[in-house]
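As a plain string of letters, each chain reads:
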Amino acid sequence: LKNRMLRVEDALCATRSAIRMGVVPGGGAALVSLSRWLTEHAKTIEDDEIRTGYKIIAKSLLTPLRQIANNAGISGDYVIQRVKDIQDEKGTDYGWDANTDTLLNLRDQGIIDPTRSIISAIENAASVARAFLTIKGVVRDRVRVKAGL
């Protein structure tokens, strides 16, 4: 019962967020589109360090779709290239549906993410990256290190 209540609460928060800020195509498609924009924009930046930062972020934005594909038993890099190709051809609302292994208009199919959720995820990831770069060190669990994880 408690699990159901948490799911309902989560759905309500996502719906409120979507109403406030809108939605983007889900399944990592919006992140692929943003990654491509950052990669193109990075070419116009003269400062090497800033350009490298753009490229790192652009590459990291592909990770969610890569992981979704890998979880479905399909090469993540292959799926990313397919999504890039379909977005070139038909627009940024297109992406990959892991359930059916098809490329389609995700917005029309209801595969969407609240814009605020995507923004928060990117901001939180940047915050963690900034902390790693500032601290210049990481604390890891010894058991995982010994296991090679």
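Structure shown above.
For every chain, the first residue of the written sequence is number 1, and numbering continues from 1 onward in sequence order. Residue-level local features of this predicted model are given only where pLDDT is at least 70; pairs of side-chain atoms are given and counted only at 80 or more, and the full residue set underlies all totals for whole chains, interfaces and linings. Excluding hydrogens and water, the side-chain figures rest on all heavy atoms present in the structure.

A. Layout of the layout of surface pockets. Buriedness for pockets is judged along seven lines, at least five of which must meet protein on both sides within 12 Å for an open set on the 1 Å grid over protein atoms alone, while cavities are sets there where a 1.4 Å probe fits but cannot get out, and lining residues have an atom within 4 Å of a point. Grid points are joined across faces, edges and corners, and a volume is the space filled by probe spheres set on the points. By volume, the largest pocket is sized at about 480 Å³. Forming the boundary of the largest pocket are 16 residues, of which I57, S60, I122, A125 and A126 lie nearest the centre. Put simply, DSSP marks the helices as runs of H or I at least four residues long and the strands as runs of E at least two long, and each gets a number from the N terminus on. For the lining of the largest pocket, the elements supplying multiple residues, two or more each, are α3 (48–60) and α7 (115–135). With nine residues, α7 is the single largest residue contributor to the lining of the largest pocket. Lys, Arg, Asp and Glu make up the charged group, whereas Ala, Val, Leu, Ile, Met, Phe, Trp, Tyr, Cys and Pro make up the nonpolar group; the residues left over, Gly among them, are polar. Across the lining of the largest pocket, the residue classes break down as twelve nonpolar, three polar and one charged.

B. Structural view of the pattern of salt bridges. Counted as salt bridges are all cases of a side-chain nitrogen of Lys or Arg within 4 Å of a carboxyl oxygen of Asp or Glu. Throughout the structure, instances matching the rule amount to seven salt bridges. Between E123 and R116 there is a salt bridge, with its nearest N and O atoms 3.1 Å apart. Only protein chains enter the accessibility calculation, which uses a 1.4 Å probe; a residue is then buried when its area is under 20% of its type maximum, exposed when over 50%, and partly exposed in between. Residue classification places R116 among the partly exposed residues on the basis of a relative accessible area of 29%.

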